[in-house]
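Notes for the structure review
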Amino acid sequence: MYKIFVIEDDEKILNLIKDRLERYNYIVTTVEDYSNIKGEFIRENPHIVLLDINLPNYDGFFWCRELRSISKVPIIFISARFSDMDQVMAIENGGDDYITKPFSFDLLLAKLKGAIRRTYGEYAESSSKDIYEVDGVYLYKSQSIVECEGKKVELSKKEFGLLYILMSNINEIVSREILLEELWDDIEFVDDNTLSVNIARLRKRLEDIGIYDAIQTKRGQGYSMIKTWD
């Protein structure tokens, strides 16, 4: 069964698409927060995206570029805008196909099936599985890169490991012992200042992308990650 992520703020059209696709055994998911479509896409990890142009906050062209920066899944635009320029912009911003409203459901179904045939011969995993997201901060695991509001910085393996553990337990205290055990095989041979030095370096790297004072020292306990970014 294939998962379709529908980015459409017209409830009538959205419900129509959802109802019809579910009859054909597609799994249909929709947007809850139109300011965090990229984050919801990562969590849903769909096989195909249906994307409107006129959306709250940012238009479909913007979100298409955002999704294209992390995934190669098929993106099909569905829009009432029918000019050649709109269709050209959709393709140039990373879209794979374009359907004009009002549309025939048979046409939509045919385009979905075509995209599935071209993309998923023996089921290919979406690259978004490589990404962990918390409140608009993205951790790219295979590259040891962290991104916030479009700014990216590459971390060392240990810095990234520390950040991943802290982000996975956001707003909770993570003990020094747990952090050391996660990052070093034998903590008996780790200097007491090693963790403090790596935390200091991580804080500096986060400041480079506009994240300040997010890693809090809990004296005698460990460290805690809190949200200080917008």
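By the naming in an unreviewed UniProt entry, the chain is Response regulator transcription factor, taken from Tissierella carlieri.

Okay, the layout of surface pockets next. In this structure, the largest pocket occupies an estimated 400 Å³ of space. Looking at the lining of the largest pocket, the elements that each hand over two or more residues are helix 3 (60-68) and strand 8 (145-148). Considering each element in turn, the lining of the largest pocket owes the most residues, 3 residues, to helix 3. Considered class by class, the residues forming the lining of the largest pocket number 6 nonpolar, 4 polar and 7 charged.

Moving on, we get to the pairing of strand 5 (residues 97-100). Summarising the sheet, strand 4 (residues 75-79) and strand 5 pair through 4 bridges and their orientation is parallel. Within the sheet, the bridge partner assigned to I78 lies in strand 5 and is I99. Between strand 4 and its parallel partner strand 5, the chain crosses via helix 4 (residues 84-92), and the hand of that crossover is right-handed.

A separate point is the sheet that holds strand 2 (residues 27-30). If you trace the 5 strands from one edge of the open sheet to the other, you get 2-1-3-4-5, paired in parallel fashion. A single partner strand is all that each edge strand has here, and the edge strands are strand 2 and strand 5. Sheet twist, expressed as the average angle between the axes of neighbouring strands with direction ignored, equals 20 degrees. Across 4 bridges, the pairing between strand 1 (residues 3-7) and strand 2 is parallel. In the strand pairing of strand 2, K3 is matched with I27. Most of the contacts of helix 2 (residues 37-44) go to strand 1, to which it runs at about 170 degrees, and overall it touches strand 1, strand 2 and strand 3 (48-51).

Let us now look at the sheet that holds strand 12 (residues 222-225). What holds strands together in a sheet is hydrogen bonding between their backbones, with the strands either parallel or antiparallel. Across the sheet, 3 strands lie side by side as 10-12-11; this open sheet has antiparallel pairing. Each end of this open sheet is capped by a strand with a single partner; those strands are strand 10 (173-175) and strand 11 (215-218). Going across the sheet, the axis of each strand differs from the next one's by a mean of 30 degrees, ignoring polarity. Where strand 10 and strand 12 come together, 3 bridges link them in antiparallel fashion.

Okay, the UniProt feature "modified residue: 4-aspartylphosphate" (unreviewed entry) in the chain next. The feature "modified residue: 4-aspartylphosphate" (unreviewed entry), as annotated in UniProt, sits at D52 in this numbering. With respect to the secondary-structure elements, D52 resides in the loop between strand 3 and helix 3. Setting aside residues no more than four positions away along its own chain, D52 makes contact with I7, E8, D9, G60, I78, S79 and K101.

The subject of this paragraph is helix 1 (residues 11-23). With 13 residues, helix 1 should reach 18 Å at 1.5 Å per residue; the first-to-last C-alpha distance of 18 Å fits that figure. By the burial criterion, the buried members of helix 1 are L14, I17 and L21. The arc enclosing the buried residues of helix 1, seen along the axis, measures out at 70 degrees, which places them on a common side. When the buried face of helix 1 is taken as reference, the exposed residues oriented beyond 90 degrees from it are E11, K12 and R23. Where helix 1 is buried, its residues meet strand 1, strand 2, strand 3, strand 4 and helix 5 (105-119).

On to the nonpolar core, then. Grouped together as the largest cluster of nonpolar side chains are 44 residues, with contacts concentrated most on I7, L21, V49, L50, F77 and L112. The leading source of residues in this core is helix 5, at 6 residues. With residues up to four places along the chain from it excluded, the contact list for L112 reads I4, L21, Y26, I48, L50 and I76. If you look at the next biggest cluster of nonpolar residues, it comprises 28 residues, including L139, F160, I165 and L179.

To continue, consider the packing of aromatic side chains. According to the stated counting rule, one finds 8 aromatic pairs in the structure shown. Measuring from ring centre to ring centre gives 5.9 Å for Y58 and W63, while their planes differ by 85 degrees; the resulting arrangement is edge-to-face. Here a set of aromatic residues connected by ring pairs shows up, and it is made of Y58, F62 and W63. Positioned over the ring face of Y140 is K152, at 5.2 Å from the centre of the ring.

Turning our attention to the side chain of E147. Among the structural elements, E147 can be located in strand 8. Residue classification places E147 among the buried positions, given a relative accessible area of 6%. Separated by 3.4 Å, the side chains of E147 and K38 make a polar contact. E147 has contacts with K38, G136, V137, Y138, Y140, K152 and I209, leaving out every residue within four places of it along the chain.

Cut-off values and rules
Residues numbered from 1 in each chain as written. Predicted model: local features only at pLDDT ≥ 70, side-chain atom pairs only at ≥ 80, totals over all residues. Heavy atoms only, no water. 1 Å grid on protein atoms, 1.4 Å probe; cavity = no way out; pocket = protein on both sides within 12 Å on 5 of 7 lines; lining within 4 Å. Points joined across faces, edges and corners; volume = space filled by probe spheres on them. Helix = DSSP H or I, 4+ residues; strand = E, 2+ residues; numbered from the N terminus. Nonpolar A, V, L, I, M, F, W, Y, C, P; charged D, E, K, R; others polar. Pairing = 2+ DSSP bridges. Right-handed = clockwise from strand over helix to strand, strands pointing away. Axes fitted to C-alpha atoms, helices over the stretch in contact; angles between N-to-C directions. Contact = heavy atoms within 4.5 Å. UniProt positions renumbered as here; feature names shortened; annotations may be inferred. Expected span 1.5 Å × (residues − 1). Buried < 20%, exposed > 50% of the residue type's maximum accessible area, 1.4 Å probe, protein only. Arc of directions from axis to C-beta. Core = buried A, V, L, I, M, F, W, Y, C linked by side-chain atoms within 4.5 Å. Phe/Tyr/Trp six-rings, centres within 6.5 Å; stacked < 30°, edge-to-face > 60°. Lys NZ or Arg CZ within 6 Å of the ring centre and 35° of its normal. Polar contact = N/O pair within 3.5 Å; in protein donor to acceptor, adjacent residues only side chain to side chain.

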